[in-house]
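Coordinates in review
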Amino acid sequence: MIRSFLVTVSLTLCWALSPDVLVLLGNSVGQGGTVFFAALFLGAAFSAMAANILQRPFRSPAGNNRRDILSSQIGPFLAITLTIAGRLSPVLLISTGILVTAGFTFNETFAYWFPNFGFSFFLLLVVLVLHLCGDKVVLAAQPMFFCLTACCLLFLSIAGLMTEPPVAQPVSAPAETGQTFFLTFICLSLLLFLGYDQQVPPQPTVNRLYFLSAIGIGFLLLVIWGLASLKHVPQARLAESTVPYVISAKAIFGQPGRILMGIAIISGACGAVNGLFYLSGRSLSQVLPGFASPQIQAIFMTLTIALFLAGGLAGSRNLEIYIFGALLLWLLTISANCLAIAREKHLLHGYLVGVLLLAAVVYLACTFPQTWLLSRFCLLVLVASAWFSAAWCGYGRKKRNLAIINSKGDLI
């Protein structure tokens, strides 16, 4: 039971405890102050509602998983298109950005002489080896990554809340005010808890409470870390920094705090990449049965990310835009699944949650500073996914027709 709980929580929160989320959290706390925590609570609440819908047991023979239900409601072509766009783009782009962050963290915190990208490639190789060893090794390593990250973050948070800064930080007003900025924070908070939609290993002891507990644990960890950061670092500095977690850790516990945060960032990066590899691979295997083994999928994702790292995408300013677009596609896929399940199971609150998530995607896309570039990226990913989906569906039809012809020939 404990193992199932740890595996579920560590996979669900693999993105929530990643370096990118800590950056988004620190910047948002700096911009909104304590008001942001109210938005974070609403984001966690909506995420819990979505998780409760998505993790419902499926007993109908027509749909034994969410992919079947999505296909039955909108057709296999759109279902495959959304699944590929919302599952493959996050693991490729988010992993690229996170590995770069881990590489710079290791270089600046532990070994300045070690090449940044060299360490990024090393971590990528470690994750690949785990997946080549099989699911048992992957699922054994994931809770260790999660516990190490959570313990470091929890220790620093408690230390920050229990100690006073050398110089009291002025209580400044939020950088932005009004209903618009609060709505933006709510929508952004929805992106922090992504991962609850994924299907974990089928075990009899796994239930919906594990996913709801995971969101609660993630919410508490982010809140206490945000409060500790706000107590020791000025809001303006948090809002403008590209590494607010490093600034906060050093302000709380000095150089040891910086080292602890470095450990948390590296372990969080390993947990995020390892978890995204596993969850993305399971989703692709469900929607494309028989396409490729988990090991082949891991090799493909590793080679693609390595190409991104070596090809210069990791150093591009547009990478953050692409990651944001991948997160929106992820949330869009969750919305589609919620609406499909609501229609299949006749759930009124399912329609409500699905529409709210869809509205959040549209709102974040329209208010993004570089809307045109973001829209082009999302459209390109959807078109590429649609092309592959059409090819796969066509291949499936030919295969079925050939089987029918062969069976008739056998009868004759």
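Not measured: the values here are computed from a predicted model.

Notes on the packing of aromatic side chains
The tally for this structure, following the rule as stated, stands at 15 aromatic pairs. A centroid spacing of 5.1 Å and a plane angle of 80° characterise the contact between F181 and F185, whose relative ring orientation is edge-to-face. You can see F181 and its partner F185 sitting in helix α8 (residues 179-192), four residues apart, about one turn around the helix. On the accessibility criterion, F181 (9% relative accessible area) is buried.

A look at the nonpolar core
Within the largest apolar cluster, 137 residues are counted, with the highest numbers of intra-cluster contacts made by Y196, W225 and M261. Looking at which element gives the most residues to this core, the answer is helix α11 (residues 244-287), with 18 residues. Not counting the four nearest positions on each side in its chain, Y196 is found in contact with T12, S47, A50, A51, L54, Q55, F211, I215, L331, I334 and L357.

Side note on the pattern of salt bridges
When the charged atoms of two side chains lie near each other, side chains of opposite charge can form a pair. Enumeration according to the criterion identifies two salt bridges in this entry. Between D197 and R87 there is a salt bridge, with the nearest N and O atoms lying 2.9 Å from each other. Taken together, the positions of D197 in the loop between α8 and α9 (208-232) and R87 in helix α5 (residues 76-109) put the pair 110 residues apart, joining distant regions of the chain. With respect to class, D197 is no different from R87; both count as buried. E164 is paired through a salt bridge with K231; the nearest N and O atoms lie 3.3 Å apart.

Topic: the layout of surface pockets
What the largest pocket holds in volume is close to 1,400 Å³. The wall of the largest pocket is formed by 41 residues, among which D20, V23, L24, N27 and E320 lie closest to the centre. When contributions to the lining of the largest pocket are tallied by element, the ones reaching two or more residues are α2 (19-32), α5, α8, α11, α13 (319-345) and α14 (348-367). Each residue belonging to the lining of the largest pocket can be placed in one class, and the counts come to 22 nonpolar, 13 polar and six charged. Along its surface, the second largest pocket is lined by 24 residues, and I84, L88, S89, L92 and F300 are the ones closest to its centre. The set of elements that each furnish at least two residues to the lining of the second largest pocket consists of α5, α12 (294-311) and α15 (371-411). Classifying every residue of the lining of the second largest pocket gives 20 nonpolar, four polar and no charged.

So, a nonpolar patch on the surface
On the surface, L154, I158, L161, M162 and L227 cluster together into a nonpolar patch covering about 440 Å² of accessible area. It is helix α7 (residues 135-162) that provides the largest number of residues to the nonpolar patch, a total of four residues. With respect to the helices, strands and loops of the structure, I158 is situated in helix α7. Among the residues examined, I158 registers a relative accessible area of 40% and is labelled partly exposed.

Cut-offs and rules
Residues numbered from 1 in each chain as written. Predicted model: local features only at pLDDT ≥ 70, side-chain atom pairs only at ≥ 80, totals over all residues. Heavy atoms only, no water. Phe/Tyr/Trp six-rings, centres within 6.5 Å; stacked < 30°, edge-to-face > 60°. Helix = DSSP H or I, 4+ residues; strand = E, 2+ residues; numbered from the N terminus. Buried < 20%, exposed > 50% of the residue type's maximum accessible area, 1.4 Å probe, protein only. Core = buried A, V, L, I, M, F, W, Y, C linked by side-chain atoms within 4.5 Å. Contact = heavy atoms within 4.5 Å. Salt bridge = Lys/Arg side-chain N within 4 Å of Asp/Glu carboxyl O. 1 Å grid on protein atoms, 1.4 Å probe; cavity = no way out; pocket = protein on both sides within 12 Å on 5 of 7 lines; lining within 4 Å. Points joined across faces, edges and corners; volume = space filled by probe spheres on them. Nonpolar A, V, L, I, M, F, W, Y, C, P; charged D, E, K, R; others polar. Patch = residues over 30% accessible without salt bridge, like charges linked within 9 Å, V, L, I, M, F, W, Y side chains within 5 Å. Areas by Shrake-Rupley, 256 points an atom, 1.4 Å probe, with all protein chains shown as cover.

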